[in-house]
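Reading the structure
What follows is each chain in one-letter form.
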Amino acid sequence: MSLPGMSAADPYQVAAALLWARVLGLETVGLHDDFTDLGGDAATAQELVATLCDEFGVRLPSSVVAQAPTPAAFAEVWAARQSESVGHPTVMPLTPDGSGTPLFCFPEAGGPAIGLLPFARYFAGERRVYGMQAHALERRGVPDWSVSAAARRHVGEIRLLQPTGPYLLAGHSFGGLIAFEAAQVLRKAGHEVGLLALIDTYLPGTSRLTRSGAIVPTSQLEGAHPDSPTPPDAGRGIGPLAADDGPTLTPRVVVDRLRQLVELPLAGVVRFRGMHQYDVFYNQGRILTMTYRPRTYDGRTTVWLADDHDEIEAWRGVLTGPAAIRRIGGDHRGVLREPLVAEVVAELRHELATVPGIDGRRV
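Now for a description of the structure that goes with this document. Here the structure is a predicted model, which is why all the values come from computation and not from measurement. (Residues numbered from 1 in each chain as written. Predicted model: local features only at pLDDT ≥ 70, side-chain atom pairs only at ≥ 80, totals over all residues. Heavy atoms only, no water.)

**Concerning the overall build of the protein chain**
- Along its length, the protein chain carries eleven helices and nine strands.
- Every one of the 363 residues in the protein chain was classed for burial, and the buried ones make up 54%.
- Taking contacts inside the protein chain between residues at least 6 apart in sequence as the whole, the part at least 24 apart equals 68%.
- Accessible surface computed for the protein chain: about 15,000 Å², of which carbon and sulfur atoms make up 55%. (Helix = DSSP H or I, 4+ residues; strand = E, 2+ residues; numbered from the N terminus. Buried < 20%, exposed > 50% of the residue type's maximum accessible area, 1.4 Å probe, protein only. Contact = heavy atoms within 4.5 Å. Areas by Shrake-Rupley, 256 points an atom, 1.4 Å probe, with all protein chains shown as cover.)

So, in structure tokens, the structure goes:
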């Protein structure tokens, strides 16, 4: 699904546009389209907020569409209310119930679980998809300061939702490292992991932290790391991903790096305003990436790597079991957007069709 008027997508804006389109019975909805102009009325407003509550645990009055009559405005209200929602602070159901084995998905560094909705919606009615987001990302708390700690926390949550395996895990970008470690934890405890799916995940050891604070593949030492939830103005060299690795850094970039260092220990404890909250957790994810040391994994794995990602041999050295490594056209930021996400889902669905022990299938 394309989203008119959207370039660098705020995940809540994407989710709001998808939700509005479904409730209004439309193929696409633009970020600044008016609810009434789209054919919305009191009944559809009630359906909209009821669906939001049922599927995401967020309670809003139907009058919200009067104060926030566009998906962009609605997304802002939704994001603000998410931290107060009745749902679990780190687990978000992204699809209604389905009869298939659940799929547990991990988003990119600093990304809320709702950002996986364009991917998850392909499994609606087929299987429940859960988004597993960082602890303290949207509610105040002390975050996990290692990939292993985050994985152990999520495994506990996964076991409550699905007491026995086989388990299906998927991760995008940094989330792939959490999924990878969660698979290790589950298998070490004697549980079966049917499939581990990694979508353009950078393997530690094949990238480095530049002097300006960005993580980049060693083969691509120039330019910004593609994980950022809010791409910076590269021309001015500001923001969380300014990747100036030259002999000197401008004073503005130095100040920006110092600000990030001061904010980093406050991640989760202090609530930063707007999308800056996600930027701080993105920076925390960079630290976790660089300190993580993955062990070899001999379970069944499928990996998709974008055209700008060339660490195939490194992954082959870590994945010692049945592993398929596939190329996906486009760059890192596009793999979970149309049309690439449809291609990834089609291939993933094909893989799932052959996993024994899931979806009622006999081993």
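That covers the picture; the talk isn't over yet.
**Section: the sheet that holds strand S4 (residues 167-172)**
- Pairing is mixed across the open sheet formed by seven strands, whose spatial order is S1-S3-S2-S4-S5-S8-S9. Sheet topology places strand S1 (91-93) and strand S9 (323-328) at the edges, where each strand pairs with a single neighbour. Across the sheet, the mean angle from the axis of one strand to that of its neighbour is 20°, orientation sign disregarded.
- Sheet analysis places S4 next to strand S5 (residues 193-199), joined by six bridges and oriented parallel. Pairing of tyrosine 167 across the sheet is with valine 193, part of S5. (Pairing = 2+ DSSP bridges. Axes fitted to C-alpha atoms, helices over the stretch in contact; angles between N-to-C directions.)

**Remarks on the nonpolar core**
- The biggest cluster of nonpolar side chains holds 59 residues, and the ones touching the most others in it are Phe74, Trp78 and Phe119.
- It is helix H1 (residues 11-24) that contributes the most residues to this core, ten residues altogether.
- For phenylalanine 119, the residues in contact, after removing those within four places along its chain, are Leu103, Cys105, Ile199, Leu336, Val341, Val345 and Leu348. (Core = buried A, V, L, I, M, F, W, Y, C linked by side-chain atoms within 4.5 Å.)

**Section: the side chain of threonine 51**
- Relative to the assigned elements, threonine 51 resides in helix H2 (residues 42-56).
- Side-chain polar atoms of threonine 51 contact the backbone oxygen of glutamate 47, separated by 2.8 Å.
- Setting aside chain neighbours within four positions, we find threonine 51 in contact with Leu19, Arg22, Val23 and Phe56. (Polar contact = N/O pair within 3.5 Å; in protein donor to acceptor, adjacent residues only side chain to side chain.)

**Thoughts on the pattern of salt bridges**
- Scanning the model with the defined rule gives eleven salt bridges in all.
- Residue glutamate 126 is joined to arginine 349 by a salt bridge in which the shortest nitrogen-to-oxygen separation is 3.0 Å. Linking glutamate 126 in the loop between helix H5 (117-120) and strand S3 (127-132) with arginine 349 in helix H11 (residues 340-352), this pair joins segments that are 223 residues apart in sequence.
- Accessibility expressed as a relative area gives 24% for glutamate 126, which makes it partly exposed.
- Of the residues examined, arginine 349 reaches a relative accessible area of 30% and is grouped as partly exposed.
- Put simply, glutamate 351 and arginine 326 hold a salt bridge, and the shortest N to O gap is 2.8 Å. You can see glutamate 351 sitting in helix H11 and its partner arginine 326 sitting in strand S9, a full 25 residues away along the chain.
- A residue is classified by how much of its surface remains accessible, and glutamate 351, at 10% relative accessible area, is buried. (Salt bridge = Lys/Arg side-chain N within 4 Å of Asp/Glu carboxyl O.)

**Some points on the packing of aromatic side chains**
- The tally for this structure, following the rule as stated, stands at nine aromatic pairs.
- Summarising the aromatic geometry, the rings of tryptophan 20 and phenylalanine 74 are spaced 5.7 Å apart at their centres and angled 70° between planes, so their arrangement reads as edge-to-face. Remark: phenylalanine 74 occurs in helix H4 (residues 71-82) and tryptophan 20 occurs in helix H1; sequence separation between them is 54 residues.
- A relative accessible area of 0% means that tryptophan 20 is categorised as buried.
- Owing to a relative accessible area of 0%, phenylalanine 74 belongs among the buried residues under this scheme.
- Joined through ring pairs, the aromatic side chains of Tyr12, Trp20, Phe35, Phe56, Phe74 and Trp78 make up one cluster.
- The cationic tip of arginine 121 hangs over the ring face of tyrosine 122; the distance from NZ or CZ to the ring centre is 5.1 Å. (Phe/Tyr/Trp six-rings, centres within 6.5 Å; stacked < 30°, edge-to-face > 60°. Lys NZ or Arg CZ within 6 Å of the ring centre and 35° of its normal.)

**Some details on helix H9 (residues 276-291)**
- Between its first and last C-alpha atoms H9 spans 23 Å; for 16 residues at 1.5 Å apiece the expected length is 22 Å, and the two agree.
- Within H9, twelve of the 16 residues are buried, which leaves the element mostly enclosed by the surrounding structure.
- Among the residues of H9, those classed as buried are Gln277, Tyr278, Asp279, Val280, Phe281, Tyr282, Asn283, Gln284, Gly285, Arg286, Leu288 and Thr289. (Expected span 1.5 Å × (residues − 1).)

**Thoughts on the packing of H2 against H4**
- Taken N-terminus to C-terminus, the directions of H2 and H4 make an angle of 35°; their axes are 13 Å apart at the nearest point. In terms of crossing hand, the pair formed by H2 and H4 is right-handed. Contact with H2, carried on its side by Leu48, Leu52 and Phe56, involves Phe74, Trp78 and Gln82 of H4 and no other residues of that element.
- Partitioned by chemical class, the residues of the contact of H2 with H4 number five nonpolar, one polar and no charged. (Left-handed = near helix turned anticlockwise from the far one by under 90°. Nonpolar A, V, L, I, M, F, W, Y, C, P; charged D, E, K, R; others polar.)

**Some details on a nonpolar patch on the surface**
- A cluster of nonpolar residues, Val142, Trp145 and Ile287, forms a patch on the protein surface that exposes about 270 Å² of accessible area.
- Structurally, valine 142 is set in the loop between S3 and helix H6 (147-161).
- Among the residues examined, valine 142 registers a relative accessible area of 57% and is labelled exposed. (Patch = residues over 30% accessible without salt bridge, like charges linked within 9 Å, V, L, I, M, F, W, Y side chains within 5 Å.)

**Points about unusual backbone geometry**
- Across the junction of glycine 165 and proline 166, the peptide omega takes the value 0°, indicating a cis bond.
- Unusually for a residue other than glycine, alanine 136 sits at a positive phi of about 75°.
- Along the polypeptide, alanine 136 turns up in the loop between S3 and H6.
- Relative accessible area serves as the criterion here: at 3%, alanine 136 is assigned to the buried category.
- Here serine 173, not a glycine, exhibits a phi torsion of approximately 55°, which is positive.
- Owing to a relative accessible area of 1%, serine 173 belongs among the buried residues under this scheme.

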